[in-house]
Amino acid sequence: MREFTTHEYDVLVIGAGGAGLRAAIEAAGSGVTCGLICKSLLGKAHTVMAEGGMAAALGNVDDRDSWSTHFADTMRGGQYLNNWRMAEIHAKEAPARVNELEAWGAVMDRTKEGKILQRNFGGHKYPRLAHVGDRTGLEMIRTLQDHGIHQGIKVHMEVTVIELLMEGGRVVGAFAYEREHGRFIVFKAKAIVMATGGIGRAFKITSNSWEYTGDGHSLAYEAGADLIDMEFIQFHPTGMVWPPSVRGILVTEGVRGEGGILTNSEGRRFMFDDIPDVYKSSTSDNEEEGWRYVTGDKSARRPPELLTRDHVARCIVREVKEGRGSPHGGVFLDIAWIKEHIPNAEEHIKKKLPSMYHQFKELAGLDITKEPMEIGPTTHYVMGGIRVDSESQMSTVPGLFAAGECAAGLHGANRLGGNSLSDLVVFGKRAGEHATKYAKENSAGQINNDQVQKVAAWAEAPFDRGDKAENPFTIQSDLQVMMQDKVGIVREEKELNEALQGLEGFKARAEHASADVNRDYNPGWHTALDLKNLLTVSEATARSALARNESRGAHTRIDHPDKSEEEAKGNNVVRKGADGSMQIERVAIPPIREDLAQIIEENK
Amino acid sequence: MPQVTFKVWRGNKDGGQFKDYQTDITEGMVVLDAVHQIQAESAPDMACRWNCKAGKCGSCSAEVNGMPKLMCMTRMEDLPTDKPVTIEPMQAFPLIRDLVCDVSWNYEVKKKIKKFKPRKPDAQDGTWRMQQDDVDRVQEFRKCIECFLCQNVCHVLRDHHKHEEFAGPRHYVYTAALEMHPLDTEDRLLDLKDDNGIGYCNITKCCTKVCPEHITITDNAIIPLKERVVDEYYDPIKKLFRMFKPKK
């Protein structure tokens, strides 16, 4: 018998970024007991990395904005594969969630009238992103953290969940271990909210931290939940490319929102060369109009640098592939050029993009107020995730809820910048609310001791691999290289099949991933356990990508370069079959409500 | 670039020693990259905290060649590599293992500081109005990434171990952000004086020097707070006034 300690809560929230914290605040404030599990220390989750802002139709800068325009923008950006009801809820509730953050102490940048300032961003028709310079995510997580610690939430820092505990088809708890001494913990819970973020560590070039190993996706999948839209992974167009050790670190879209332009080795603003038809009427075709737009001229159309992320990323890949890239395999992003237009450009840039200024100054030895940056696409965000009910955020497993990046539906085939931070708080709140309701209506389940003992033995196995032991870091790094090569920005059937075959090999290798010394704060052991999650999300991504025979949003197939109306009728759903293998199914998108269809039509 | 020797502290609360590791250094590498490389090549159990690798989360605080740094923002090119580079954990907190220490004390202290309490909303729709000029100084404090390097170098904590009586620079910055927030109505001055021991700070500015976010901790946060405390509790005229004020 392996030992463990037990904690019991009405609602257990797994993950302590924006969505998890917001869910926990909601639950704890509704009279139930709430535990919050952080994989790292509190306040360090990936939300701190969000830079540009949070989208909400406050209409503070342009009063023509409304929830309906935000809704239409989100649907267009997602290429209409979105869950339209979630897109509606998101657009309607985001303003209240932003104002709520202010009531909890957030200090966002201001307009002249003293209201919350909003900035332009790709795919948003009006300036819509509430922000604090380029550190909006830090402001959000710190506000939620500093508010949350006074709400009676029990915080468990540096704890990793390894498996969800089930009773029949329902989730009743979670099996976890704490980093400090590697001791096992059983959490009993009436309802669980999954808020674990994304899967970026499955790829070599990524803006994501070590935590982003698809834990929530994989735990939910193993518990029998559906995953949806897993082929859609956002490659952010602007990551650092030089020097090699910083490759992938994010460069905020805010640089382009503030007037930054993309140029190739010939000095050409190549984004003017390829403007998709659906955006032709709203995109400027000359530099002069584009500049007027970023300086707030309401009659001007946006510059092509502010097209959606999927499109900008593809254009950059094309420039590099056709030999017009920068010295280190990217293109140029230039904000220094605005000195042609404004006198105090240097100060303006430092004020508006302070962390970008420091990031390049300190990591690349480059002054962005004087020289252009070199940038290229980096794995950034997964649109796909746990399939949830649009009203309650409950997954297909009773008692299991999800919110934030690990949930899916809102963003469809491509997420608009700024829609993530608002997603976290809108659906974090809802998940917390409905998990609370579920916890009040249901009694605690029974923990199955056999399941606990079995997963505990599995977790200890890396210390006892014998002759075939392999370094888990090597396996992880090899997997990242393969996923980047074969399931990356541009895909094709042959490579996807090779990837699926390759994954079988990695599964076998993962069974030999070993750990040494002892269980105290041991990163090697942790990595050996994480591999399982990475492999699950990698397979889900490859299978879903293979099943979508078209190019749409963030999913690009060179063997199916065009959009297909037929393919657009459904979402790909992945679930664990009775025999343990991964099953994939195409599920039809429910017909959109009449009034919403009309809003889309009016905004075309 | 060449192979470089790193002396990394290996151990736990019961003791430990520096251990030598060699690894190749390539262009643009930061110290955290070297630690990861050593982990992957020869010491998979070597404990170190990190998250964003971009100076935004404040997880990878350590002492590099004796200087408190974020490992992710310390470039190898800025260090002499002809002699070993030493990496050790922060010294003001109990060690868990290797480069990871127990910083939970910071979370306990913060919890005791009275939370934000806004005035009534300014507008019918429940929102407030604030001018950018009035929030600039608060925004400086809110850049804090809670790396706790300021706490680590503060001699009141590091040398005199006043953790029970002294909240440390991080929490003065936090308190200043609340006290100077245009909407806040709470009063934290008595707590600052009594429970959080701001009087122990003798403004040596060590905290300001190590702040990776370049927050002017001493001048903009601590000194104004000290002044407020002095005005409130040590002003002789006010003191006289209080003596005759009826007790509540």
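The model shown is predicted, which means the values in this text are computed figures rather than measured ones.

How each quantity is defined
- Residues numbered from 1 in each chain as written.
- Chains lettered and ligands numbered in written order.
- Predicted model: local features only at pLDDT ≥ 70, side-chain atom pairs only at ≥ 80, totals over all residues.
- Helix = DSSP H or I, 4+ residues; strand = E, 2+ residues; numbered from the N terminus.
- Rg over C-alpha atoms; globule rule 2.2 N^0.38 Å.
- Buried ≥ 20, exposed ≤ 12 C-beta atoms within 10 Å, placed from the backbone.
- Pairing = 2+ DSSP bridges.
- Contact = placed C-beta atoms within 7 Å.
- Axes fitted to C-alpha atoms, helices over the stretch in contact; angles between N-to-C directions.
- Nonpolar A, V, L, I, M, F, W, Y, C, P; charged D, E, K, R; others polar.
- pLDDT = per-residue confidence, 0-100.
- Core = buried A, V, L, I, M, F, W, Y, C linked by C-beta atoms within 7 Å.
- Parallel < 35°, antiparallel > 145°, perpendicular 65-115°, else oblique.
- Left-handed = near helix turned anticlockwise from the far one by under 90°.
- Domains from an automatic or database assignment.

Draft legend 1. Spatial organisation of the overall build of chain A. What chain A contains, in helices and strands, is 17 helices and 21 strands. Taking 25 Å as the expected radius of gyration for a compact globule of 604 residues, we find that chain A reaches 23 Å, a close match to that expectation. Dimensions of chain A, computed from C-alpha atoms along their principal axes, come out at roughly 70 × 50 × 50 Å. Split into buried and exposed, the 604 residues of chain A put 61% on the buried side.

Draft legend 2. Just the overall build of chain B, in detail. Tallying secondary structure elements over chain B gives 10 helices and 7 strands in all. Referenced to the eigenvectors of the C-alpha coordinate spread, the extents of chain B come out at roughly 70 × 45 × 25 Å.

Draft legend 3. Inspection of the sheet that holds strand β21 (residues 582–588) of chain A at higher detail. Residue and element names in this part refer to chain A. If you walk across this open sheet you meet the 5 strands as β17-β15-β10-β20-β21, and the pairing is mixed. Bordering the open sheet on either side are β17 (407–408) and β21, each of which pairs with just one other strand. Note: strand β10 (residues 227–228) against strand β15 (residues 385–387), 2 bridges, orientation antiparallel. Pairing of Ile 228 across the sheet is with Gly 385, part of β15. Here helix α5 (residues 215–222) sits on the sheet and contacts β10, β15 and β20 (570–576); the angle it forms with β15, its principal contact strand, is near 40 degrees. Together, β10, β20 and β21 form the strand contacts of helix α16 (residues 523–547), whose direction differs from that of β21 by roughly 45 degrees.

Draft legend 4. Region of the structure containing the interface of chain B and chain A. Contacts between the two partners involve 47 residues from chain B, matched on the other side by 48 residues from chain A. Looking at the side of chain B that touches chain A, the elements that each hand over two or more residues are α1 (31–41), β6 (95–97), α2 (104–112) and α3 (132–141) of chain B. For the side of chain B that touches chain A, the element with the most residues is α3(B), which contributes 4 residues. Grouping the constituent residues of the side of chain B that touches chain A by class yields 21 nonpolar, 13 polar and 13 charged.

Draft legend 5. Structural context of the confidence of the model for chain B. Here chain B shows a mean pLDDT of 95. Residues at 70 or above account for 99%. Here the predicted complex carries an ipTM of 0.96, next to a pTM of 0.95.

Draft legend 6. Representation of helix α11 (residues 354–364) of chain A. All names here are of chain A. Met 356, Tyr 357, Gln 359, Phe 360, Glu 362, Leu 363 and Ala 364 are the residues of α11 that are buried. As for α11, its buried residues are in contact with β11 (233–240), α6 (254–257), α10 (345–352) and β14 (373–382). Immediately downstream of α11, the backbone of Gly 365 shows phi near 60 degrees, a positive value.

Draft legend 7. Focus on the nonpolar core. Residues and elements named next belong to chain A. In terms of nonpolar packing, the biggest core is built from 253 residues, with Val 11, Val 13, Ala 174, Ile 192, Val 193, Met 194 and Phe 401 touching the most fellow members. At 11 residues, the largest contribution of residues to this core is made by α16. Leave out the neighbours within four places in its chain, and Val 11 touches Ala 27, Val 32, Cys 34, Ala 189, Lys 190, Ala 191, Val 193, Ala 435, Thr 436 and Ala 439.

Draft legend 8. Representation of the packing of helix α2 (residues 67–77) of chain A against helix α3 (residues 84–103) of chain A in the model. Residue and element names in this part refer to chain A. Where α2 contacts α3, the two axes come as close as 8 Å, and the packing angle between them is 140 degrees. The angle between α2 and α3 places the two elements in the oblique class. You can see that α2 and α3 cross each other, and the crossing is right-handed. Where α2 abuts α3, its residues Trp 67, His 70, Phe 71, Thr 74 and Met 75 lie against Trp 84, Ala 87, Glu 88, His 90, Ala 91 and Lys 92. Taken together, the residues of the contact of α2 with α3 break down into 6 nonpolar, 3 polar and 2 charged.

Draft legend 9. The arrangement of the packing of helix α1 (residues 18–28) of chain A against helix α12 (residues 419–441) of chain A in detail. All names here are of chain A. Here α1 crosses α12 at 35 degrees, and the two axes come no closer than 7 Å. Between α1 and α12 the crossing geometry is right-handed. Within the contact between the two elements, α1 uses Gly 18, Ala 19, Gly 20, Arg 22, Ala 23, Ala 24, Ile 25, Glu 26 and Ala 27 and α12 uses Leu 421, Leu 424, Val 425, Phe 427, Gly 428, Lys 429, Ala 431, Gly 432, Glu 433, Ala 435 and Thr 436. Counted by class, the contact of α1 with α12 contains 11 nonpolar, 5 polar and 4 charged residues.

Draft legend 10. Looking closely at the domain arrangement of chain B. Residues and elements named next belong to chain B. The domain architecture assigned to chain B consists of domain 1 (3–100) and domain 2 (103–237). Each of domain 1 and domain 2 was reduced to a C-alpha centroid, and the two centroids are 30 Å apart. Of the residues assigned to the side of domain 1 that touches domain 2, the class counts are 7 nonpolar, 4 polar and 1 charged.

Draft legend 11. Representation of the domain arrangement of chain A. All names here are of chain A. Here chain A is partitioned into domain 1 (5–234 + 380–441), domain 2 (253–379) and domain 3 (456–569). Here the C-alpha centre of domain 3 lies 33 Å away from the C-alpha centre of domain 2. Contacts between the two partners involve 5 residues from domain 2, matched on the other side by 5 residues from domain 3. Broken down by element, the residue count for the side of domain 2 that touches domain 3 peaks at 4 residues, all from helix α9 (residues 309–321). When the residues that make up the side of domain 2 that touches domain 3 are grouped by side-chain class, the tally is 3 nonpolar, no polar and 2 charged.

Draft legend 12. Quick look at unusual backbone geometry. The amide bond that connects A:Trp242 to the next residue, A:Pro243, takes the cis arrangement and shows omega of -5 degrees. By the element assignment, A:Pro243 lies in the loop between β11 and α6. Positive phi outside glycine occurs at B:Ile203, with the angle close to 40 degrees. Considering the arrangement of structural elements, one finds B:Ile203 in the loop between α7 (189–193) and α8 (206–210). Of the residues examined, B:Ile203 has 13 C-beta atoms within 10 Å and is grouped as partly exposed.

Draft legend 13. Representation of the environment of A:Gly330 in the model. All names here are of chain A. Looking at the secondary structure, you find Gly 330 in the loop between α9 and β13 (331–334). For the pair Gly 330 and Glu 374, spaced 44 residues apart in the sequence, the C-alpha separation amounts to 5.9 Å. Contact partners of Gly 330, with chain neighbours within four places excluded, come to Val 241, Val 320, Gly 325, Glu 374, Ile 375 and Gly 376.

Draft legend 14. Quick look at the environment of A:Glu498. As for its placement among the helices and strands, A:Glu498 is situated in helix α15 (residues 493–510). Note: C-alpha distance between A:Glu498 and A:Met482 (16 residues apart in sequence) is 9.5 Å.

Draft legend 15. Spatial organisation of the pairing of β21(A). Sheet analysis places β20(A) next to β21(A), joined by 7 bridges and oriented antiparallel. Bridge pairing in β21(A) places A:Gly570 opposite A:Ala588.

Draft legend 16. Quick peek at the sheet that holds β14(A). All names here are of chain A. With antiparallel pairing, 4 strands are arranged side by side in an open sheet as β11-β14-β13-β12. Every interior strand has two partners, whereas the edge strands, β11 and β12 (261–263), have only one. The sheet shows a mean angle of 45 degrees between the axes of neighbouring strands, direction not considered.

Draft legend 17. Structural context of the pairing of β11(A). All names here are of chain A. The element β11 is extensively covered by neighbouring structure, given that 8 of its 8 residues are classed as buried. In this structure, β11 lies alongside β14, joined through 6 bridges in antiparallel fashion. Each residue of the ladder has a partner; that of Ile 233, found in β14, is Val 382.

Draft legend 18. Inspection of the environment of B:Lys193 at higher detail. All names here are of chain B. With respect to the helices, strands and loops of the structure, Lys 193 is situated in helix α7. Take Lys 193: there are 19 C-beta atoms within 10 Å of it, and that puts it in the partly exposed class. Taking C-alpha positions, Lys 193 is 9.6 Å from Leu 225, a pair spaced 32 residues apart along the chain. Ignoring anything within four residues of it in the chain, the contact list for Lys 193 reads Ile 198, Gly 199, Val 229 and Tyr 233.

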